[in-house]
Amino acid sequence: MRWPPRVAGAGHREQHKKAQAELAAAHTAYEKGDKAQAVSTYKAHFAAAPEEDKGKIIKRVAEHEAGQGDEAEARKWIEKGLAAKLSIAYEGPAAKIHAQAKQQRDEAAAKQKA
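Computed from a predicted model, the values in this text were never measured in an experiment.

It is at 10 Å that the axes of helix α2 (residues 35-45) and helix α3 (residues 51-67) come closest, and there the two elements cross at 125°. As summarised for this structure, α2 and α3 are arranged oblique, according to the angle between their axes. Regarding α2 and α3, the two cross each other, and that crossing is left-handed. On the side of α2, the interface is formed by Lys-35, Ala-36, Val-39, Tyr-42 and Lys-43, while α3 contributes Ile-57, Arg-60, Val-61, His-64 and Glu-65.

Positive phi, normally seen in glycine, also occurs at Lys-85, with a value near 60°. Mapped onto the secondary structure, Lys-85 falls in the loop between α4 (71-83) and α5 (93-113). The class of Lys-85 is exposed, set by a relative accessible area of 74%.

Turning our attention to the nonpolar core. Tyr-42, Ile-57, Ile-78 and Tyr-90 are the most contacted members of the largest nonpolar core, which has 23 residues in total. Counting residues per element, the ones that place at least two in this core are α1 (10-31), α2, α3, α4 and α5. If we ignore the near neighbours within four places in the chain, the residues touching Tyr-90 are Ile-58, Lys-59, Ala-62, Glu-63, Trp-77, Ile-78, Ala-95 and His-98.

In the contact formed by α4 and α5, the axes pass within 9 Å of each other and the chain directions differ by 55°. As summarised for this structure, α4 and α5 are arranged oblique, according to the angle between their axes. Crossing hand, α4 versus α5: right-handed. For the pair formed by α4 and α5, the contact residues are Glu-71, Ala-74, Arg-75, Ile-78, Glu-79, Leu-82 and Ala-83 on the first element and Ala-94, Ile-97, His-98, Gln-100, Ala-101, Lys-102, Gln-104 and Arg-105 on the second. For the contact of α4 with α5, the class distribution of residues is seven nonpolar, three polar and five charged.

Right, let's get into α2. The set of residues buried in α2 consists of Ala-38, Val-39, Thr-41, Tyr-42 and His-45. For α2, the angular spread of buried residues about the axis comes to 160°, placing them on one side.

The residue Lys-43 is located in helix α2 in this model. When the C-alpha positions of Lys-43 and Ile-58 are compared, they lie 9.1 Å apart, and in sequence the two are 15 residues distant. Not counting residues within four places of it along the chain, the set of residues in contact with Lys-43 comprises Val-61, Glu-65, Glu-73 and Trp-77. There is a polar contact of 2.5 Å between the side chain of Lys-43 and the side chain of Glu-65.

Cut-offs and rules
Residues numbered from 1 in each chain as written. Predicted model: local features only at pLDDT ≥ 70, side-chain atom pairs only at ≥ 80, totals over all residues. Heavy atoms only, no water. Axes fitted to C-alpha atoms, helices over the stretch in contact; angles between N-to-C directions. Helix = DSSP H or I, 4+ residues; strand = E, 2+ residues; numbered from the N terminus. Parallel < 35°, antiparallel > 145°, perpendicular 65-115°, else oblique. Left-handed = near helix turned anticlockwise from the far one by under 90°. Contact = heavy atoms within 4.5 Å. Buried < 20%, exposed > 50% of the residue type's maximum accessible area, 1.4 Å probe, protein only. Core = buried A, V, L, I, M, F, W, Y, C linked by side-chain atoms within 4.5 Å. Nonpolar A, V, L, I, M, F, W, Y, C, P; charged D, E, K, R; others polar. Arc of directions from axis to C-beta. Polar contact = N/O pair within 3.5 Å; in protein donor to acceptor, adjacent residues only side chain to side chain.

Okay, structure coming up:
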């Protein structure tokens, strides 16, 4: 038996708290204009994000990536939003990618019903 005994989940809770703090710092960085750094943090810690922040994070990542010309990465994040049934109003190039992704998703759903 190990001594001291491990408390189940204690390490996970600490990692989660650290991720939450880093996400909060990323929001501040994004709002101050350091979007690239914020997006990197959002991607690294998305799973730990509170549900109420996920739409904002997805929007920020997708718009940043689309603005950088990485349509595939933007679409990946837009698809996350669609899969989670989040209502996100994208702007700029991400709005076009969202419209295409939503149309394809709707067409696929219609074919499944037929």
